[in-house]
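Observations on chain architecture
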Amino acid sequence: MASSSSTTTTSNKFQVPATRHKPPKQQQEELEENEEEESLEHFDDFTLASSWERFISEIEAVCRLWMSDGPINLLEKGAILLENSGSLYKVKSEMKHAMKSYYMEYYFETNPNVKDGDWNFDLHDLQLCFGVKEFLVIAPQSASGVLLDAPEASKLLSAVAIALSNCSSLWPAFVPVHDPSRKAYIGIQSMGTVFTRRFEADRIGSQVPVKLMHLEGLYELFVSKFAYSTLDLSIHNFKVRFTMKLTYRTLPCDDDYMKGFGGEKSGENLSGEKSNGLQWDVDCSWSEWYSAEDPVKAFELVAILSEKMVESSMEMAELENASPHEAEKWLISPRISPNLLEGSKGNWVGFASQLRFLVDALEMSFQAQFLEDFVSVENAGADNLKSLAVPPPTVRDRVLKELFIDGVEFSNFTDDGHKTARAIKGAPREFLFAQFCLHALWFGNCNIRAISVLWLEFVREVRWCWEETQLLPRMPTNGPIDLSTCLINQKLQMLAICIEKKSQQTEDYEDCIGSLDHIESMSEEESVVGDDSSIKPTPSDDIPGIVDRKPGIVDLFNDKSSDLTRRGSAGIVDSMMLLKSYQSMHVPFTQEPPLMTEDMHEERLQAVEALGDSFSFSGQLERDILTSDMSAFKAANPDAVFEDFIRWHSPGDWEEDEPVDHGSSSSSTALEKDRWPPRGRLSKRMSEQGNLWRKIWDRAPALPASEQKPLLDPNREGEKVLHYLETLQPHQLLEQMVCTAFRAAADTLILTSYGELKQMETEIQQLYVTMATTLRPLQVNRLSAESNTFEDLRRVSAAFERVEKLMTLGASLQRKFRRAPRLAREIFNGYYDFSISKMESLAEQIVEKGFDMKLELRNQERELLSNMFVPPTASQSWRKVLSMGNLLNGHEPIVREIVFSLRDKATGNHYAAHSGSFSHKKEIETYRMYICGTSNDLRVALSVASCD
């Protein structure tokens, strides 16, 4: 058993395959097949064995993917448009090697076949430096984004070069090296032939050698890259292609700049015209209220010299002394303030900023019932009210002095508002209340406490004018009350008329003492001539149910009547005779209807509607008007009866009998004159028992209008106006202030001259429409503390700010380019289109580049721009010592960019290889050097094509 168990264990442990019983030849074949299968299972591909080779393979895979996709598919997959380029996009991929992370970016253009010059302003930095189009950049994912280790940079560039070679790609590849401030790169590109182009760029940030500050030294630097080192470069000639771009910048028009002209002494402004050192916007309409920041900070002039063939250092020295006026192209680039953009973080001070404060004050006005509650700190319970500052009394007194003492006469005003401004129910710009609102915008940051203090003092000044019979400044004293304006303006106009009437009554009373007997003895002709200006020859059309008759007026002296008791006649009515006497009907002088404000009209209509019959004369005013007209008619027609008055005053209530046909029309007219008495009857309502009109007629005395009591009582109406102003609730005041302030501020803006800018006119028109629509709830008293109108008003303030900024830009450009309006128009149009796209980008949360416009100048415009570069004076000590050439009116370029290039044919030189696949007659750029810098900064980028 033991032996059997041992045998079993052994057999289980060392089992022999069944093939042992097969023939030896078959067993040998199976063993060879098993060994071959094992060798295939454990095969190692040593071409991918190292991490370095796997890294190259990963780069190659990404490059092949980008090449197969092409620009169109890459755009669909989310390629990013570069901020400072119009047609350059990039895609990005991340990878790792040796525990380090890298990223590779592919830059490409949507239309790479377009040939750009050396000075295309949309070029990427590497495109400008090395003259390439599409390219790769590979860099480490680190804070600096550069490789400080030179061997690692070379190794990384080699990996990309191998991967691109495997892909048969001609893309140039770059690796950033050294310190980021140096903007240094190394790069390589396979040219698809035996040639390879290598790139290198570096920068000197300080202590630039004096020789390299001048064109002569830069030329020799380029020549040294391909000439023998033992040659004297100054005496040997090398044909080199040369082109240059010079950038100049005007001096800023700030206070320091103006002091450089000697304080009060006059100098030249940016347009070459004389300037006395005042603010740029001194002649703008808003300068009375604030001084705006000049949106045009400076101008940059780009002068481009055409490509030349240079053969020696002496030629370069001559080019350095050449004038920029010899340049082929001049381009202007405005430097616009970033505060001009919508949504900018800068503080823009203007009407719009103050209107926002006024809207905030309107929202807070619902917190109290009386304005006095906001004035007293003790009564102001809320902490936010106590924190609101109020200017000192000296500031308040100055504002009141400007409103009342320095106020101009109304006759000097002109209607300078926009044609659609009347749709906004506010006061016109030059009226007293509009001026109050404009002053309030700048009084204590326009908070509710400051407004309350200023308004209460304003009302006190108005009452003083009333009590002392002093005319209100900036208000008309005649004519009808403009009901299209706000109620406060109507009340002030009513008060101004009452003060004028009150003053006339006082003067008439003093002049008429002791003269009553003389006046009564005057003849009818003298009394007519001396009638008051408030008397009119036709009745009022304000009485409900009354239709005016406009008769033909005949000279009073042609009347055949000998009645000497007739008074106040303005003439006879042709073809109308009195019923009870064979006399012509006379038209009387009547009093002007009393002036009424909007709320008085509403009260009158409400009273009529309450009684349900306009004929009932519910108001005392209607009774007084009718009594005055009847008295004047009786005085002008002593023999008249009630029916005669109805025929003249209300022809619709007189029903004539049917006329009898007497033949021709001419004979009929003659018969009408001869037919007496006139045939007809009163209407049903006038003939009713107890008719109110007949009762008034019976009681009305025969008095001409000149002897009647005036319908308008100036004392009573003036006190009513003052009571309204003194008891006005805060939200009622602020509602009318907001409407008036928006309208007056807009009317002030549009007075500024901004040239022929169609976009500006469209923006202004749209602003008025928007304001009229948004302010409508304030005009009909539909506002409450919880209303959504406040947000609408803030949006209107933002729209106002946009128009205000555009107006400022248009005015600034118009003043700088008076003699070149095309430049002002083109720059404004460019910025306007940019602002529209910027608004769309902000709405879509897209980061967009800043405004950068290059406008080519015409030959006749060069002198204007040249005059902008005012020669610096000795007092401007901040000017650095000149160390470069190509001066423009004493100004050296802020940036000088140069491109040297050397082209050569591959035939018969050491660069070419004897290969049938390459055209030896093709000219290639063997050397190219881009140089950019000033006396304190120099950047050099070199590309060399060599035969590997």
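Conventions we followed
Residues numbered from 1 in each chain as written. Predicted model: local features only at pLDDT ≥ 70, side-chain atom pairs only at ≥ 80, totals over all residues. Heavy atoms only, no water. Helix = DSSP H or I, 4+ residues; strand = E, 2+ residues; numbered from the N terminus. Buried < 20%, exposed > 50% of the residue type's maximum accessible area, 1.4 Å probe, protein only. Contact = heavy atoms within 4.5 Å. Areas by Shrake-Rupley, 256 points an atom, 1.4 Å probe, with all protein chains shown as cover. Core = buried A, V, L, I, M, F, W, Y, C linked by side-chain atoms within 4.5 Å. Phe/Tyr/Trp six-rings, centres within 6.5 Å; stacked < 30°, edge-to-face > 60°. Lys NZ or Arg CZ within 6 Å of the ring centre and 35° of its normal. Axes fitted to C-alpha atoms, helices over the stretch in contact; angles between N-to-C directions. Parallel < 35°, antiparallel > 145°, perpendicular 65-115°, else oblique. Left-handed = near helix turned anticlockwise from the far one by under 90°. Nonpolar A, V, L, I, M, F, W, Y, C, P; charged D, E, K, R; others polar. Salt bridge = Lys/Arg side-chain N within 4 Å of Asp/Glu carboxyl O. Pairing = 2+ DSSP bridges. pLDDT = per-residue confidence, 0-100. Polar contact = N/O pair within 3.5 Å; in protein donor to acceptor, adjacent residues only side chain to side chain. Expected span 1.5 Å × (residues − 1). Bend = angle between axes of the 7 residues up to and from the residue. Disulfide = S-S within 2.5 Å.

What follows is about the overall build of the chain. Regarding its fold elements, the chain presents 29 helices and 23 strands. Taken over 948 residues, the chain has a buried fraction of 46%. Of all intrachain contacts in the chain linking residues separated by at least 6 positions in sequence, the fraction that spans at least 24 positions is 73%. Taken as a whole, the chain presents about 48800 Å² of accessible surface, with 50% of it coming from carbon and sulfur.

Let's shift gears to unusual backbone geometry. Even without a glycine there, the phi angle at Ser168 is positive, about 60°. Here Ser168 shows up in the loop between helix 5 (150-166) and strand 5 (173-177). A relative accessible area of 63% means that Ser168 is categorised as exposed. Positive phi, normally seen in glycine, also occurs at His178, with a value near 65°. Structurally, His178 is set in the loop between strand 5 and strand 6 (184-190).

Now for the nonpolar core. Core analysis: the largest hydrophobic core is formed by 158 residues, its most contacted members being Phe433, Trp455, Leu472, Phe800, Phe817 and Phe900. Leu472 has contacts with Phe404, Leu432, Val462, Cys465, Leu492, Leu495, Ala496 and Ile499, leaving out every residue within four places of it along the chain. Counting 33 residues, the second-largest nonpolar core is a separate cluster that includes Ala79, Leu156, Leu164 and Ala173.

Once that is clear, we can look at the packing of aromatic side chains. Summed over all chains, the structure comprises 42 aromatic pairs. For the ring pair Tyr106 and Phe108, a centre distance of 5.3 Å and an interplane angle of 25° mean the geometry is stacked. Across the pair, exposure class does not vary: Tyr106 and Phe108 are buried alike. Of the aromatic side chains, those joined through ring pairs into one cluster are Tyr219, Phe222, Phe226, Phe242, Phe900 and Tyr927. Across from the ring centre of Tyr724, 5.3 Å away, lies the NZ or CZ of Lys491, which sits over that ring. The ring of Trp697 is capped by Lys634, whose NZ or CZ atom sits 4.6 Å from the centre of that ring.

The next point concerns the packing of helix 13 (residues 432-441) against helix 14 (residues 448-467). In the contact formed by helix 13 and helix 14, the axes pass within 11 Å of each other and the chain directions differ by 150°. By the criterion of interaxial angle, the relationship of helix 13 to helix 14 is roughly antiparallel. Once helix 13 is placed against helix 14, the crossing between them reads as right-handed. Packed against helix 13, whose contacting residues are Leu432, Phe433, Phe436 and Ala440, the element helix 14 presents Leu454, Trp455 and Phe458 at the interface. Within the contact of helix 13 with helix 14, the residues separate by chemical class into seven nonpolar, no polar and no charged.

The next subject is the pattern of salt bridges. As enumerated under the stated definition, the model contains 43 salt bridges in all. The salt bridge partner of Lys90 is Glu105, with a shortest N-O separation of 3.3 Å. A residue pair is termed long-range when its members are at least 10 positions apart, and Lys90 in strand 2 (residues 88-97) and Glu105 in strand 3 (residues 100-109) qualify at 15 residues. For Lys90, a relative accessible area of 23% puts it in the partly exposed group. The closest approach of N and O atoms between Glu861 and Arg822, which form a salt bridge, is 2.8 Å. Residue Glu861 is found in the loop between strand 20 (855-856) and helix 29 (862-868), and its partner Arg822 is found in helix 28 (residues 821-843); the two are separated by 39 residues along the sequence. On the basis of relative accessible area, Arg822 is assigned to the buried category, the value being 14%. Salt bridges linked by common partners bring Asp360, Glu363, Glu791 and Arg794 together as one network.

Turning our attention to the pairing of strand 12 (residues 329-336). The buried count for strand 12 comes to six of eight residues, which makes it a mostly enclosed element. By the bridge criterion, eight bridges tie strand 11 (residues 296-310) to strand 12 in an arrangement that is antiparallel. Residue pairing in the sheet places Val302 in a bridge with Leu331 of strand 12. In this structure, strand 12 lies alongside strand 20, joined through two bridges in antiparallel fashion. Paired with Ile332 across the two strands is Leu855, which belongs to strand 20.

Attention shifts here to the confidence of the model for the chain. Close inspection of predicted coordinates is inappropriate in any region flagged by low pLDDT. In the predicted model, the chain carries a mean pLDDT of 79, and 74% of its residues have values of at least 70. When pLDDT is averaged over each element of the chain, helix 13 comes out on top at 96 and strand 14 (residues 553-554) at the bottom at 34. Between residues 612-618, whose pLDDT stays under 50, and residues either more than four places distant or in other chains, the model counts 18 contacts. Contacts of residues 908-920 to residues separated by more than four positions or lying in other chains number 23 contacts, the stretch itself having pLDDT below 50.

On to the side chain of His586, then. Mapped onto the secondary structure, His586 falls in strand 16 (residues 584-588). Judged by relative accessible area, which is 0%, His586 ranks as buried. Among the polar contacts listed, one links the side chain of His586 to the side chain of Ser569, at a separation of 2.7 Å.

Here helix 3 (residues 51-76) contains 26 residues, and its C-alpha end-to-end distance of 33 Å is more than 12% below the 38 Å for a straight helix at 1.5 Å per residue. When the local axis directions of helix 3 are compared, the greatest deviation, roughly 100°, occurs at Gly70, which is followed within four positions by the proline Pro71. The secondary structure elements touched by the buried residues of helix 3 are strand 2, strand 3, strand 4 (135-140) and helix 5. Taken from the residues just after helix 3, Gly78 is the one with a positive phi, measuring 105°.

This next bit is on helix 9 (residues 351-364). Taking 1.5 Å per residue as the helical rise, helix 9 with its 14 residues ought to reach 20 Å, and the 20 Å between its terminal C-alpha atoms agrees with that figure. Within helix 9, 10 of the 14 residues are buried, which leaves it mostly tucked inside the rest of the structure. Taken together, the buried positions of helix 9 are occupied by Phe351, Ala352, Ser353, Gln354, Leu355, Leu358, Val359, Ala361, Leu362 and Met364.

Bringing the side chain of Gln493 into the picture now. Mapped onto the elements of the fold, Gln493 is located in helix 15 (residues 487-512). Filtering out sequence-adjacent residues up to four positions away, Gln493 remains in contact with Met475, Pro476, Asn478, Gly479, Pro480, Ile481 and Asp482.

Considering the arrangement of structural elements, one finds Cys739 in helix 24 (residues 730-749). C-alpha separation for the pair Cys739 and Cys486, spaced 253 residues apart in sequence, amounts to 8.2 Å. If near-sequence neighbours (up to four positions away) are discounted, Cys739 is found in contact with Ile424, Lys425, Gly426, Leu775, Leu778 and Gln779.

Looking now at the state of the cysteines. The tally for this structure, following the rule as stated, stands at zero disulfides. Just so you know, Cys63 is unpaired, no disulfide at all, and the nearest cysteine sulfur is the one on Cys167, 5.3 Å from it.

With respect to the element layout, Glu311 can be found in the loop between strand 11 and helix 8 (313-320). With a relative accessible area of 30%, Glu311 lands in the partly exposed category. C-alpha of Glu311 to C-alpha of Asn237: the two residues are 74 residues apart in sequence and 5.0 Å apart in space.

Attention shifts here to the pairing of strand 7 (residues 195-204). Looking at chain direction, strand 6 and strand 7 are connected through six bridges and run antiparallel. Among the inter-strand pairings, Gly187 is bridged to a residue of strand 7, identified as Phe199. The loop that links strand 6 with its antiparallel partner strand 7 comprises four residues; one of these, Gly192, has a positive phi angle of about 80°. Pairing of strand 7 with strand 23 (residues 938-947), which is carried by 10 bridges, proceeds in the antiparallel orientation. Bridged to Arg198 within strand 23 is Val944.

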